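Listed below are the residues making up each chain.
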Amino acid sequence: MSASRRSGTTDALGPDEPERDGADLLAALLDGMDAALCAFDADGVVTHWNREAERILGWSAGEAVGRTGFAGWAVRSADADEVQGRLLAAMHAPGRQVNEFALVTKDGGRVLVRTQSAVVRGADGKPAGVYCAFSEVHAQIDLERSIALSEALFEDAAWGVVLVDADLRPAVVNAHAARALGSGRSAVLGRPLGDLISQGVEELEGALGHVLAEGAPPSPTEVWVTLRLPGEDGARQERRCWRSGFVRLASPLAEEPVPLGVGWLFQDVTEAKLIEQEAAQLRFRANQLHRAARAAAECEDPAEAATVHLDFALAGFADHAVIDLLVSEEPPRLVRGAATPSGAPGASLLVTRGALPVRYAEGHPALQCVDRAGSVRAGAPEPTGAAAAQWAAARQWPGGSVFALCAALRSRGRTLGVVTFLRGVSRTQFERGDAMYAESVAVRIAGAVDLAALGSA
């Protein structure tokens with residue numbers, strides 16, 4: 001094969017003038033194509049090299065044609081044998097062979113190309129060489145990676161992914177998000193978020209609206225929501241905390257950014273947040289007990305020290321509290337020793353000596369507490385309405401109380417009375433951890449009550 005230095009092609013048929021014209025026409029066609037083209041003979045020698053190949057790699061036709069393969073100039077030495085073998089393998093394979101290679105430019109840079117190679121057959125039908133078309137694939141690979149990432153996020157991601165349109169309605173959700181929302185993937189689409197979330201939807205929609213208008217916040221946001229979930233006995237509600245990240249989506253095809261919606265990614269961190277809250281609550285309560293002990297130590301009157309412990313324990317724990325002292329064991333009779341003021345905040349008030357017994361009905365939680373010498377929890381059957389008010393009044397507790405926790409006051413093996421903590425409808429019911437804290441407070445109050453009784457004796 002002879003090389004044509006003018007055109008960057010070779011003429012395998014000789015220097016006859018008509019054939020030279022055909023070679024010039026072929027060279028012009030090859031140079032006018034957008035794809036980079038090169039060809040190799042059966043021995044791997046470069047026979048054709050067009051201008052697009054020169055533009056991508058920097059090597060001219062005169063520098064490329066006649067070289068054997070890409071070794072030593074267009075690929076790294078370590079990759080030369082593999083590249084050469086994969087290119088020439090097209091001579092013995094049907095159809096086009098697609099490969100991706102990292103080639104070396106004339107100035108020493110590297111460029112990733114995608115090649116399509118096919119066999120060139122001679123007049124006898126036998127393989128005579130290989131032609132190869134190649135182009136830079138950075139943009140195509142970036143697109144493919146973006147598509148692959150999107151598919152992975154919507155199929156395999158371990159966190160929720162939701163595309164919310166400009167009307168703040170889900171347009172696409174992945175399987176994880178659908179499970180978190182308690183619905184199927186198709187059932188979520190196009191529905192207002194308020195249909196799925198009963199509490200916290202205003203905060204969530206506010207965050208999504210802000211992202212649409214101003215862009216994504218600099219850090220993830222933790223959003224507490226209450227979900228409406230289907231159950232065997234009808235809809236049930238569940239409180240969850242989602243750590244959420246947001247990105248604004250805009251059309252890449254428009255000259256001016258056109259908002260398409262918001263990409264919302266979230267992860268359920270409810271368990272971790274509950275553990276954090278519990279740890280913070282334990283630290284706060286331990287601190288309150290320590291502060292109460294220091295303040296009570298400065299009280300000259302032990303009865304006053306008892307109310308100091310009560311006041312410190314009440315902060316962040318309950319809305320009201322009362323202390324009932326045991327004056328008779330058989331049958332058990334209780335008198336009011338101290339109580340928080342009703343209707344206004346303030347310190348607990350000591351009841352004057354000689355108070356009349358509290359007429360608790362049989363089965364009252366305070367009487368159960370005396371009988372068991374342990375804590376007792378109780379709650380109104382309905383947290384609101386006339387039934388709740390009647391429940392509190394029947395037990396001689398302040399109005400608005402719907403949850404109660406009674407802890408026995410015990411000192412030196414004797415039951416001295418009961419401390420009762422009361423919560424309103426704005427708080428949750430008492431849990432086992434609350435009972436443990438109330439019992440710790442009761443021990444301190446019982447010590448002060450016992451000292452007061454010794455002093456009065």
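Scroll up for the structure.
Within each chain, residues carry numbers counting from 1 in the order of the written sequence. The predicted nature of this model means local features are confined to residues of pLDDT at least 70 and side-chain atom pairs, given and counted, to a pLDDT of 80 or more, with totals for whole chains, interfaces and linings taken over all residues. Side-chain metrics rest on all non-hydrogen atoms present in the structure, leaving aside hydrogens and water.

## Notes on the overall build of the protein
Here is step 1 of the chain: For the protein, the count of helices and strands is 13 helices and 20 strands.
Here is step 2 of the chain: Using a 1.4 Å probe on the protein chains alone, a residue whose accessible area is under 20% of its type maximum counts as buried, one over 50% counts as exposed, and one in between counts as partly exposed. When burial is assessed residue by residue, the protein has 41% of its 457 residues classed as buried.
Here is step 3 of the chain: In these tables, accessible area is a Shrake-Rupley quantity obtained with a 1.4 Å probe, and a residue counts as shielded only by the protein chains included in the view. With the model as given, the accessible surface of the protein reaches about 24,800 Å², and the carbon-plus-sulfur share is 53%. Numbering goes from the N terminus for both helices and strands, where a helix is a DSSP run of H or I of at least four residues and a strand is a run of E of at least two.

## Structural notes on the pairing of strand E6 (residues 110–121)
Each regular strand displays side chains that alternate between the two surfaces of the sheet.
Here is step 1 of the chain: Here, a strand pair is defined by DSSP locating no fewer than two bridges between the strands. Where strand E5 (residues 97–104) and E6 come together, eight bridges link them in antiparallel fashion. Note that in E6 the partner of Phe101 across the bridge is Val113.
Here is step 2 of the chain: The hairpin formed by E5 and E6 contains five residues between the paired strands, and Gly108 there has a positive phi angle of roughly 95°.
Here is step 3 of the chain: By the bridge criterion, nine bridges tie E6 to strand E7 (residues 127–136) in an arrangement that is antiparallel. Looking at E7, one finds that Val119 is bridged to Val130.
Here is step 4 of the chain: Taken together, E6 and the strand that follows it, E7, pair antiparallel across an intervening segment of five residues, in which Gly125 is found at a positive phi of about 85°.

## Quick word on the packing of aromatic side chains
Here is step 1 of the chain: Here a pair means two rings of Phe, Tyr or Trp (six-membered ring of Trp) with centres within 6.5 Å. Their orientation is stacked below 30 degrees between planes, edge-to-face above 60, and tilted elsewhere. Scanning the model with the defined rule gives 13 aromatic pairs in all.
Here is step 2 of the chain: Centre to centre, the rings of Phe317 and Phe421 are 5.1 Å apart; their planes meet at 85°, and the pair counts as edge-to-face. Linking Phe317 in the loop between helix H10 (302–314) and strand E14 (320–329) with Phe421 in strand E20 (residues 414–423), this pair joins segments that are 104 residues apart in sequence.
Here is step 3 of the chain: Grouped by ring-pair contacts, the aromatic residues Phe40, Trp49, Trp59, Phe70, Trp73 and Phe134 constitute a single cluster.
Here is step 4 of the chain: Over the ring of Trp59 we find Arg67; its NZ or CZ atom is 5.6 Å from the centre of that ring. For a ring to carry a charge above it, either NZ of a lysine or CZ of an arginine must fall within 6 Å of the ring centroid while also lying within 35 degrees of the normal to the ring plane.

## Topic: the sheet that holds strand E3 (residues 36–41)
Here is step 1 of the chain: The five strands are arranged E4-E3-E7-E6-E5 in an open sheet whose pairing can be described as antiparallel. In this open sheet, the two strands that pair with only one neighbour each are strand E4 (46–49) and E5. Pairs of neighbouring strands in the sheet enclose a mean axial angle of 30°, with direction left out of account.
Here is step 2 of the chain: Note that E3 and E4 share three bridges and pair antiparallel. Within the sheet, the bridge partner assigned to Cys38 lies in E4 and is Trp49.
Here is step 3 of the chain: Most of the contacts of helix H4 (residues 77–88) go to E5, to which it runs at about 150°, and overall it touches E3, E5, E6 and E7. Axis definition: a line fitted to C-alpha atoms, limited for helices to the stretch in contact. Angles are taken between N-to-C directions and run from 0 to 180 degrees. Any two residues having at least one pair of non-hydrogen atoms within 4.5 Å are treated as being in contact.

## Overview of helix H12 (residues 386–394)
Here is step 1 of the chain: Buried within H12 we find Ala388, Trp391 and Ala392. Down the axis of H12, the smallest arc covering the buried residues is 95°, so these residues share one side. Away from its buried face by more than 90 degrees, H12 exposes Ala386, Gln390, Ala393 and Ala394.
Here is step 2 of the chain: Among the structural elements, strand E18 (376–379) and strand E19 (403–411) are those in contact with the buried residues of H12. Throughout, the arc means that of the directions going from the helix axis to the C-beta atoms.

## Observations regarding the pairing of strand E8 (residues 160–164)
Here is step 1 of the chain: Among the five residues in E8, four count as buried, and that is most of the element.
Here is step 2 of the chain: Bridge count between E8 and strand E13 (residues 259–268): five bridges; the pairing is antiparallel. Bridge pairing links Gly160 to Phe266 in E13.
Here is step 3 of the chain: The sheet contact formed by E8 and strand E9 (residues 170–173) spans three bridges and is antiparallel. By the bridge assignment, Leu163 is partnered in E9 with Val172.
Here is step 4 of the chain: Where E8 folds back on E9, the antiparallel hairpin that results is connected by five residues, among which Leu168 adopts a positive phi of roughly 65°.

## Regarding the pattern of salt bridges
Here is step 1 of the chain: For this analysis, a salt bridge means a side-chain nitrogen from Lys or Arg found within 4 Å of a carboxyl oxygen belonging to Asp or Glu. Counted under the stated rule, the structure contains 17 salt bridges.
Here is step 2 of the chain: The partner of Asp324 in a salt bridge is Arg336, with the nearest N and O atoms 2.5 Å apart. Separated by twelve residues along the polypeptide, Asp324 in strand E14 and Arg336 in strand E15 (residues 332–339) bring together distant segments of the chain.
Here is step 3 of the chain: Classification of Asp324 by relative accessible area gives buried; the value is 0%.
Here is step 4 of the chain: Connected through shared salt-bridge partners, Glu222, Arg243, Lys273 and Glu276 make up one network.

## Some thoughts on the packing of helix H9 (residues 270–297) against H10
Between two packed helices, what matters for the description is the angle formed by their axes and the separation of those axes.
Here is step 1 of the chain: The N-to-C vectors of H9 and H10 enclose an angle of 155°; their axes lie 9 Å apart at closest approach. Relative to H10, the element H9 lies roughly antiparallel. The two elements H9 and H10 cross, and the hand of that crossing is right-handed. Here H9 contributes Gln288, Arg291, Ala292, Ala293, Ala295 and Ala296 to the contact with H10, which in turn contributes Ala305, Val308, His309 and Phe312. Each angle is binned into one of four classes, with values under 35 degrees roughly parallel, values over 145 roughly antiparallel, values of 65 to 115 roughly perpendicular, and all other values oblique. Put simply, a crossing is left-handed when the front helix is turned counterclockwise from the back one by less than a right angle, and right-handed when it is turned clockwise.

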